[in-house]
Amino acid sequence: MLASSSQSAKLVELFLSEGKKQKFTKNEYIIRSGESPSGIFYIHRGIVKAYDLTKYQEENLLIIRKSTEIFPLIWALTGQERSVIYQSLSNTVTYKISRDSFLEHLNKNPKALAPILDMTVEMYRLHSERILNLEYRTVRERLVSFMLTTAERFSVDETPNSKKLEVSLRHQDIASSINATRETISRELSNLEKKGLIIKNGPYFILKDIATLKKIIQ
């Protein structure tokens, strides 16, 4: 990471001191389809899903944002709008500032670019991993790879070999991320559950045997 703790803290302070606090309930839209961003959002608490719609009006998951992250980052830096929908996956609290305020802060504080660059690199890494995931030949391999990658960002350890994914994922979200159908994902998840590798706990998945899951993609 390039940013120091003090540089990251100053960026957060910008949003907390000048931003408009907003609360969103689970599944509430933050930026709707076809809507221009009204500002730049800092996620103080919660999880936000970013997705677009295919020409068949099916959801295509792009990325899931977590607390301490900023969105829409590309628009914030370039001003280029994309038809991306942002929706809360949990009760979420954000702080919103204008793009002008954001850019003015960066221009006056060049060192503030470090935490933004860290976020940009992380976003690039996640999208690169998604592309690499498609190199796996079978849906099962792509599914397991997706689950393990998601666990790196959204999980708590239950045991040394077990993790609970603390993000609610629909079968369609997973399917759109790994180029599969929802029906195939449902079938593969069922097979993994029968083997005791993954279980569903309410809206969340628990990876019960990380070591065996890793062997599937090795």
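Above this text is the structure in question.
Everything numeric here is computed off the predicted structure, so don't read it as measured data.

(A) Representation of the overall build of the protein within the structure. When helices and strands are tallied, the protein shows 8 helices and 12 strands. Against the compact-globule benchmark of 17 Å for 218 residues, the protein has a radius of gyration of 18 Å, which places it among compact chains. Taking the principal axes of its C-alpha atoms as reference, the protein extends roughly 55 × 40 × 30 Å. Residue burial in the protein is summarised as follows: out of 218 residues, 44% are buried. Summarising the internal contacts of the protein: among those between residues at least 6 apart in sequence, 71% fall at separations of at least 24. When the accessible surface of the protein is split by element, carbon and sulfur atoms take 49% of a total near 11,800 Å². Each charge class in the protein can be summarised by its mean position, and for the 33 positive and 25 negative side chains these summaries are 2 Å apart.

(B) Up close: the pairing of strand E4 (residues 47-53). A large share of E4 lies buried, amounting to 5 of its 7 residues. Sheet topology places E4 next to strand E5 (residues 59-66); 7 bridges connect them, and they run antiparallel. Residue pairing in the sheet places aspartate 52 in a bridge with asparagine 60 of E5. Linking E4 to E5, which pair antiparallel, is a turn of 5 residues; within it glutamine 57 sits at a positive phi near 65°. In the sheet, E4 pairs with strand E7 (residues 85-88) via 4 bridges, with the strands oriented antiparallel. Following the sheet pairing, tyrosine 51 is matched in E7 by isoleucine 85.

(C) How the structure looks around the sheet that holds E5. Taking strand neighbours across the sheet as the criterion, the 4 strands line up as E2-E7-E4-E5 in an open arrangement whose pairing is antiparallel. At either end of the open sheet lies a strand with only one pairing partner, and these are strand E2 (29-31) and E5. Averaged over all pairs of adjacent strands, the angle between strand axes in this sheet comes to 30°, irrespective of strand direction.

(D) How the structure looks around the packing of helix H1 (residues 5-18) against helix H4 (residues 113-133). With their axes 8 Å apart at the nearest point, H1 and H4 run at an angle of 90° to one another. In terms of orientation, H1 and H4 fall into the roughly perpendicular class. From H1, Gln7, Ser8 and Leu11 reach across to H4, where they touch Ala114, Pro115, Ile116 and Met119. In terms of residue class, the contact of H1 with H4 is built from 5 nonpolar, 2 polar and no charged.

Conventions and cut-offs
Residues numbered from 1 in each chain as written. Predicted model: local features only at pLDDT ≥ 70, side-chain atom pairs only at ≥ 80, totals over all residues. Heavy atoms only, no water. Helix = DSSP H or I, 4+ residues; strand = E, 2+ residues; numbered from the N terminus. Rg over C-alpha atoms; globule rule 2.2 N^0.38 Å. Buried < 20%, exposed > 50% of the residue type's maximum accessible area, 1.4 Å probe, protein only. Contact = heavy atoms within 4.5 Å. Areas by Shrake-Rupley, 256 points an atom, 1.4 Å probe, with all protein chains shown as cover. Lys, Arg positive; Asp, Glu negative; His and termini not counted. Charge placed at Lys NZ, Arg CZ, Asp CG, Glu CD. Pairing = 2+ DSSP bridges. Axes fitted to C-alpha atoms, helices over the stretch in contact; angles between N-to-C directions. Parallel < 35°, antiparallel > 145°, perpendicular 65-115°, else oblique. Nonpolar A, V, L, I, M, F, W, Y, C, P; charged D, E, K, R; others polar.

Read these as geometric descriptors, not functional statements.
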